[in-house]
Amino acid sequence: MEKLILGGIEMRLVGISYKVGKSSSSDVTVEDNYVLEKIEKDSVHLIFERDVTMNFERKERLKIKVKVVRFAEENVDLMQEISDDYIKENINKLLGPALSFMSALVAQITGSFGELPFITAPSFYDEEDYNKEDEEE
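This is a predicted model, so every value here is computed, not measured.

A. Here's a closer look at the side chain of His 45. With respect to the helices, strands and loops of the structure, His 45 is situated in strand S3 (residues 43-55). According to the relative accessible area criterion, His 45 is buried, its value standing at 9%. If near-sequence neighbours (up to four positions away) are discounted, His 45 is found in contact with Val 35, Leu 36, Glu 37, Lys 38, Glu 40, Lys 67, Val 68 and Val 69.

Written out as structure tokens, the structure reads:
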């Protein structure tokens, strides 16, 4: 199953929202979400969104949305092979190039106003990641 979707990839930037306001606290949150748009015989269509909120001297909120299409290798029917569980377990592999693109885009946008860029990891952030960090402390 690992090689099913690791064929070609298409990515398209769907939207960017960047808001700046007054801050009342000091913290950072990164939230990633994906929506399975559709599965076809030869491709899987996902919408991936990263939402970064930074509260320091001012509150900044950056939301970026990308559409990702992963294509199957030849002679594989993804409608028969792919499930929601497979996608959840392999989200980093499915979104790999999009995660790197998203990380670079966040750094470019947040650093474009003369301040240090905010760097996010090129991996999928989910609640389990945050829970693991809390348990380690």
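Once the structure has been displayed, the description carries forward.
B. How the structure looks around the environment of Glu 60. Within the secondary structure layout, Glu 60 lies in strand S4 (residues 58-71). Look at Glu 60 and you get buried, because its relative accessible area is 10%. The spacing of Glu 60 and Tyr 18 is 42 residues in sequence and 7.2 Å in space, taken between C-alpha atoms. Of note is the side chain of Glu 60, whose polar atom sits 3.5 Å from the side chain of Arg 58.

C. View of the sheet that holds strand S1 (residues 9-22). Read across the sheet, 4 strands follow the order S1-S4-S3-S2 without closing on themselves; strand pairing throughout is antiparallel. The open sheet is flanked by S1 and strand S2 (27-39), the only strands paired with a single partner. Between one strand axis and the next, the sheet turns by 10° as a mean value, whatever way the strands run. Where S2 and S3 come together, 12 bridges link them in antiparallel fashion.

Parameters and conventions
- Residues numbered from 1 in each chain as written.
- Predicted model: local features only at pLDDT ≥ 70, side-chain atom pairs only at ≥ 80, totals over all residues.
- Heavy atoms only, no water.
- Helix = DSSP H or I, 4+ residues; strand = E, 2+ residues; numbered from the N terminus.
- Buried < 20%, exposed > 50% of the residue type's maximum accessible area, 1.4 Å probe, protein only.
- Contact = heavy atoms within 4.5 Å.
- Polar contact = N/O pair within 3.5 Å; in protein donor to acceptor, adjacent residues only side chain to side chain.
- Pairing = 2+ DSSP bridges.
- Axes fitted to C-alpha atoms, helices over the stretch in contact; angles between N-to-C directions.

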